[in-house]
Amino acid sequence: DGRLTFYPGNQTVSLPSINFMKRHGTVFLNAYTNSPICCPSRAAMWSGLFTHLTESWNNFKGLEPNYMTWMDLMEKHGYHTQKYGKLDYTSGHHSVSNRVEAWTRDVDFLLRQEGRPMVNLTGDEKHVRVMEVDWRNTDKAVNWIKEEAINMIQPFALYLGLNLPHPYPSPYAGENFGASTFLTSPYWLEKVSYEAIKIPKWSSLSEMHPVDYYSSFTKNCTGDFTEQEVRDIRAFYYAMCAETDAMLGEIISALRDTGLLKKTMVIFTSDHGELAMEHRQFYKMSMYEGSSHVPLLVMGPGVKEQQQVPELVSLVDVYPTMLDIARIPIPHNLSGYSLLPLLHGKAKNDASPRGPRPSWVLSEFHGCNVNSSTYMLRAGRWKYISYSDGQSVLPQLFGMLHLLFPNTLIYCSAIWFLTDSWFVPDLSADPDELTNVAMEFPLVIHSLDKLLRTIVDYPKVSSAVQDYNKRQFVSWRQSLGQNYSNVIANLRWHQDWLKDPQKYESAIDEWL
């Protein structure tokens, strides 16, 4: 969750490595994922292109294996490159559940796809290495820096991908049931300030937006939760972030010990955040801040120190930034823009060869746990969320109310809006995103929707995703033959499916 990297979120848990990067570099206050789920988000980061351009629709559908990433281009231009850990940006990975539940989200049924979120404390006060796989990959990266990078004449690009702070598979239900366990040890839990943990407010189930209700149900979050349960889930998540921070610290220490720190650019970011029971949900797959707002910190030669950048940026900006650092020509067809001018403290309107950076960011989602293609446009003080074809599901607009004169022209992110009310929402004043003011500001909605449609023809994209999902499901079902019913009855939704399998099979047939 990117909000943990700056005040007030950073009061909740000790993140010394993040704080070191803030002191010696730049933190982006408004960095967003381009799709709040693993594979599509990483596809955007590695390609520099929006999700609808790469057609990375879900955790099964990413980039082609031979796609030319920024790291491939750097290697082509003389860099020594090395990758460790989680990559997850190409097609064909993740479980059958990930695929089928994304493909069948338009079916007229409501089935739980995740285990109920829970916590699990392991080890004692001396148990540091909880996520063993991540620590082993961190060790590999550290050893590579100390044994390989230090002796190189050519420049290097090192990538380390971590699983943390992703929830763990729930052991009581098996791997196919989803990752719903927040796991840590007393060592990391001690880094969390329990009294600083904010218990999120929830709307009643009857008042929830229909897409939110679907997500809460499929994530198994519509039952009763005590305040202590919610507090523990959030505390364990923060503790997992502290363990992640320690791995970042290992990399920084290795660079310092080898004398490489002062001449190495270090970038820390994430593919998405974690709702941690905000909006009665855990996990990602949402445009709310906990899920879509990611950390982005950079330090290194030429990077302005102790700088907080308020400009809106997103993960597609990583691709052109890496090429800019390496002085490699940046393709003009990218969705992203180099962050280097902002990192050097230059004015926002210092134009790149491609022109000025847009004053908006786009995120979209087409995967499981959400029953509609979703599009988020973050522009100035507004967050606009549109669904499906833009008509069948009500949009959302978030903000708090500030008193202004009526019929005043409000400058907002390169668009002039004529307000039709005494009030103009301000996203920063409604941090919980509980007040959807879409119906109160039709002119604002009209203007933002018009801008969104210039970026992506989203009704057309939504329709294309629906066609893709249906084709993929038919192909998958045909490949199973008579085994279809047995396989689909054992996916993550089995606890609800088995109550009336004939009913749900009929619903699929009707959908097809």
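Refer to the preceding data block for the structure.
Residues numbered from 1 in each chain as written. Predicted model: local features only at pLDDT ≥ 70, side-chain atom pairs only at ≥ 80, totals over all residues. Heavy atoms only, no water.

Trainee: So what about the environment of Tyr84? Which residues, and what values?
Mentor: Position of Tyr84 relative to the elements: it lies in strand S2 (residues 80-85). Exposure remark for Tyr84: the relative accessible area of 15% places this residue in the buried category. Residues Tyr84 and Asp317, 233 residues apart in the sequence, show an inter-C-alpha distance of 22 Å. Residues within four places of Tyr84 in sequence aside, it is in contact with Asn137, Lys140, Ala141, Trp144, Leu158, Tyr159, Leu160 and Gly161. (Helix = DSSP H or I, 4+ residues; strand = E, 2+ residues; numbered from the N terminus. Buried < 20%, exposed > 50% of the residue type's maximum accessible area, 1.4 Å probe, protein only. Contact = heavy atoms within 4.5 Å.)

Trainee: Got a sec to walk through the sheet that holds strand S7 (residues 266-269)? Specific residues and values, please.
Mentor: Backbone-to-backbone hydrogen bonds join strands into a sheet, with any given pair of strands oriented parallel or antiparallel. The mixed open sheet is built from four strands, whose spatial order is S7-S8-S1-S9. Two strands in the sheet have a free side with no partner beyond their single neighbour: S7 and strand S9 (307-314). Taking each pair of neighbouring strands and ignoring which way they run, the sheet shows an average axis angle of 20 degrees. When strand S1 (residues 25-32) meets S9, the two strands line up parallel, connected through six bridges. When the sheet's bridge partners are listed, Ala31 is paired in S9 with Val313. Relative to strand S8 (residues 296-299), helix H1 (residues 16-24) is tilted by about 55 degrees, and along the sheet it contacts S1, S7 and S8. (Pairing = 2+ DSSP bridges. Axes fitted to C-alpha atoms, helices over the stretch in contact; angles between N-to-C directions.)

Trainee: Talk me through helix H9 (residues 227-257); I want residue IDs and the actual numbers.
Mentor: Taking 1.5 Å per residue, 31 residues should reach 45 Å; H9 reaches 45 Å between its end C-alpha atoms and fits that length. With 24 of its 31 residues buried, H9 lies for the most part within the structure. Backbone geometry just after H9 places Gly259 at a positive phi near 75 degrees. (Expected span 1.5 Å × (residues − 1).)

Trainee: Now, about the packing of H1 against H9: what can you tell me, with residues and values included?
Mentor: Look at H1 against H9: their axes get within 7 Å of each other, and the N-to-C directions meet at 50 degrees. Considering the angle they form, H1 stands oblique to H9. Contact residues: H1 offers Pro16, Ser17, Ile18, Phe20 and Met21, while H9 offers Asp245, Leu248, Gly249, Ile252 and Arg256. Looking at the contact of H1 with H9 residue by residue, the classes come out as six nonpolar, two polar and two charged. (Parallel < 35°, antiparallel > 145°, perpendicular 65-115°, else oblique. Nonpolar A, V, L, I, M, F, W, Y, C, P; charged D, E, K, R; others polar.)

Trainee: Explain the environment of Glu64 to me, using residue names and the numbers behind them.
Mentor: Structurally, the position occupied by Glu64 is in the loop between helix H3 (51-54) and helix H4 (70-76). Expressed as a C-alpha distance, the spacing of Glu64 and Tyr89, which sit 25 residues apart in the sequence, is 8.6 Å. Sequence-distant contacts of Glu64, defined by excluding residues within four places in its chain, comprise Thr90 and Ser91.

Trainee: Break down the packing of aromatic side chains for me, with residues and values.
Mentor: Within this structure, the stated rule accounts for 23 aromatic pairs. Ring geometry for Phe109 versus Tyr504: centroids 5.6 Å apart, planes at 85 degrees, classification edge-to-face. Of this pair, Phe109 sits in the loop between helix H5 (96-103) and strand S3 (118-121) while Tyr504 sits in helix H17 (residues 501-511), and the two are 395 residues apart along the sequence. For the pair Phe109 and Tyr504, a shared accessibility class is recorded, and that class is buried. (Phe/Tyr/Trp six-rings, centres within 6.5 Å; stacked < 30°, edge-to-face > 60°.)

Trainee: Just give me the short version of the nonpolar core, but keep the residues and values in it.
Mentor: In terms of nonpolar packing, the biggest core is built from 76 residues, with Met21 and Leu255 touching the most fellow members. The greatest single-element share of this core, amounting to 17 residues, is contributed by H9. Residue assignment places this core across two domains, with domain 1 (3-96 + 118-200 + 224-360) and domain 2 (374-448) each supplying three or more. Those residues in contact with Met21 that lie beyond four places of it in its chain are Thr26, Leu248, Ile252, Val266, Phe268, Leu297, Val298 and Met299. (Core = buried A, V, L, I, M, F, W, Y, C linked by side-chain atoms within 4.5 Å. Domains from an automatic or database assignment.)

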